[in-house]
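# Architecture and fold: a report
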Number of protein chains: 2
Amino acid sequence: MTTMPPFAALPPTPYYAVIFTSQRTAQGHDDYAQTADRMVELAAQQPGFLGADSARNAQGFGITTSYWSSLEAIAQWRQHAEHRIAQETGRAHWYADYTLRIAKVERSYAMPPLPSAS
Amino acid sequence: MTTMPPFAALPPTPYYAVIFTSQRTAQGHDDYAQTADRMVELAAQQPGFLGADSARNAQGFGITTSYWSSLEAIAQWRQHAEHRIAQETGRAHWYADYTLRIAKVERSYAMPPLPSAS
């Protein structure tokens, strides 16, 4: 069995998703990892935070999805002082490119249980 | 400069996102890769397809986001015969777990250009 990270929970819809798609530069490996960990820790303390998932491949292309109870919660997190510094450093040094989308989650599904082997 | 995959475009909002988060099993490496490539190729031919991004890390945890013009387009793709076979094989063999969310993209942002160096 593969060790699995916990998936972000599936709360009742509707709620909001921030989809952050990014290409890392070759710069700042350790600083970036430390800040990314800190941002996850800090986000989890914000009002309205519902969870997050993140995957980055060996070429530095990654997708992070975070989930929030409201647009207000997303706006507050975006303006958080320590997060703003991380965003600025990201634009200046860590990201070659990124896109960011804000979306209202309307439906969600978990993997259905497999039928029992007969 | 890192070689960058093309990011999915940012069409005018609103449109829809399918957020598929998954943990691969250790099974079927080649079959999986071949089918994943084929599904990207096939999705791109469907009415209403707007783009997709995908990242999977070395531990087999991945996020794929695909973008669609309408819920009807997503429903049609979900019912596509060849895609249904891939979904069934995925549940039986390739995925230890997954979650799937359907969300309406309300806003989007690209990385702002950096200020010129002075």
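Just so we're clear, the structure is a prediction, and the values are computed from it rather than from any experiment.

Think of a pair of aromatic rings as described by two things: how far the centres are apart, and how the planes are tilted against each other in angle. Counted under the stated rule, the structure contains 18 aromatic pairs over all chains. Relative to Y98 of chain A, the ring of F20 of chain A has its centre 5.2 Å away and its plane inclined at 45°; by these criteria the two rings are tilted. Highlighted residues: F20 of chain A in strand β1 (residues 15–24) and Y98 of chain A in strand β4 (residues 95–110), separated in sequence by 78 residues. Here F20 of chain A falls in the buried class, since its relative accessible area comes to 17%. For Y98 of chain A, a relative accessible area of 8% translates into the label buried. With a centroid separation of 6.0 Å and 80° between ring planes, the pair formed by Y95 of chain B and Y98 of chain B is classed as edge-to-face. Clustering of aromatic rings is evident, with ring pairs tying together F20, Y32, W94, Y95 and Y98 of chain A. Residue placement shows R24 of chain A over the ring face of Y32 of chain A; its charged tip is 4.1 Å from the ring centre. Taking NZ or CZ as reference, R101 of chain A lies 3.9 Å from the ring centre of Y67 of chain B, over its face.

We now examine the nonpolar core. Counting residues in each nonpolar core, the largest one holds 22 residues, and the members touching the most others are I19, Y67 and V105 of chain A together with I19, Y67 and V105 of chain B. For this core, the secondary structure elements donating two or more residues are β1, β3 (61–68) and β4 of chain A together with β1 (15–24), β3 (61–68) and β4 (95–110) of chain B.

A few words now on the pattern of salt bridges. Scanning all chains against the criterion turns up 4 salt bridges over all chains. One salt bridge connects E82 of chain B with R38 of chain B, and the closest N-O pair in it is separated by 2.7 Å. Within this pair, whereas E82 of chain B is found in helix α3 (residues 81–94), its partner R38 of chain B is found in helix α1 (residues 29–43), the two being separated by 44 residues in sequence. Each of the salt bridges in this network shares a partner with another, and the network as a whole consists of R38, E41 and E82 of chain A.

One copy of the chain maps onto the other through a rotation about an axis followed by a shift along the same axis. Screw-axis analysis of chain A against chain B gives a translation of 0.0 Å along the axis, an RMSD of 0.0 Å, and a rotation angle of 180°. Both copies are brought into coincidence by an operation consistent with a two-fold rotation axis. By residue overlap, the copies meet face to face through one surface: 100% of the interface positions of chain A are interface positions in chain B.

All names here are of chain A. Looking at chain A as a whole, its pLDDT mean stands at 92, while 92% of the residues score no less than 70. For chain A, per-element mean pLDDT is lowest for helix α1 (residues 29–43), which scores 94, and highest for β1, which scores 98. Of the two predicted TM-score estimates for the complex, the pTM is 0.93 and the ipTM is 0.92.

What follows concerns the sheet that holds β1 of chain A. Pairing is antiparallel in the open sheet, where 8 strands are placed in the order β2(A)-β3(A)-β1(A)-β4(A)-β4(B)-β1(B)-β3(B)-β2(B). At either end of the open sheet lies a strand with only one pairing partner, and these are β2 (49–56) of chain A together with β2 (49–56) of chain B. Direction aside, neighbouring strands of the sheet carry axes that sit 25° apart on average. Running over the sheet, helix α3 (residues 81–94) of chain A touches β1 and β4 of chain A and is turned about 125° from β4 of chain A. In this fold α3 of chain B packs onto β1 and β4 of chain B, with an angle of close to 125° to the strand it touches most, β4 of chain B.

Attention shifts here to the interface of chain A and chain B. Each partner contributes residues to the interface: chain A has 53 residues there, and chain B has 53 residues. Counting each side, the surface lost to burial between chain A and chain B is near 4,400 Å², with a carbon and sulfur contribution of 65%. At the surface where chain A touches chain B, the tally comes to 0 salt bridges. Counting across the interface, chain A meets chain B through 19 residue pairs in polar contact (both at pLDDT 80 or more). Mapped by element, the contributors of at least two residues to the side of chain A that touches chain B are β1, β2, β3, α2 (71–79), α3 and β4 of chain A. Element by element, the count of residues in the side of chain A that touches chain B is highest for β4 of chain A, at 16 residues. Looking at the side of chain A that touches chain B residue by residue, the classes come out as 30 nonpolar, 13 polar and 10 charged. Pairing geometry for β4 of chain A and β4 of chain B, over 11 bridges, is antiparallel. Residue T99 of chain A lies in a different strand from β4 of chain B, and its bridge partner there is A110 of chain B.

Rules used throughout
- Residues numbered from 1 in each chain as written.
- Chains lettered and ligands numbered in written order.
- Predicted model: local features only at pLDDT ≥ 70, side-chain atom pairs only at ≥ 80, totals over all residues.
- Heavy atoms only, no water.
- Phe/Tyr/Trp six-rings, centres within 6.5 Å; stacked < 30°, edge-to-face > 60°.
- Helix = DSSP H or I, 4+ residues; strand = E, 2+ residues; numbered from the N terminus.
- Buried < 20%, exposed > 50% of the residue type's maximum accessible area, 1.4 Å probe, protein only.
- Lys NZ or Arg CZ within 6 Å of the ring centre and 35° of its normal.
- Core = buried A, V, L, I, M, F, W, Y, C linked by side-chain atoms within 4.5 Å.
- Salt bridge = Lys/Arg side-chain N within 4 Å of Asp/Glu carboxyl O.
- Least-squares fit on C-alpha atoms with pLDDT ≥ 70 in both.
- Contact = heavy atoms within 4.5 Å.
- pLDDT = per-residue confidence, 0-100.
- Pairing = 2+ DSSP bridges.
- Axes fitted to C-alpha atoms, helices over the stretch in contact; angles between N-to-C directions.
- Buried area = accessible area lost by both parts, 1.4 Å probe.
- Polar contact = N/O pair within 3.5 Å; in protein donor to acceptor, adjacent residues only side chain to side chain.
- Nonpolar A, V, L, I, M, F, W, Y, C, P; charged D, E, K, R; others polar.

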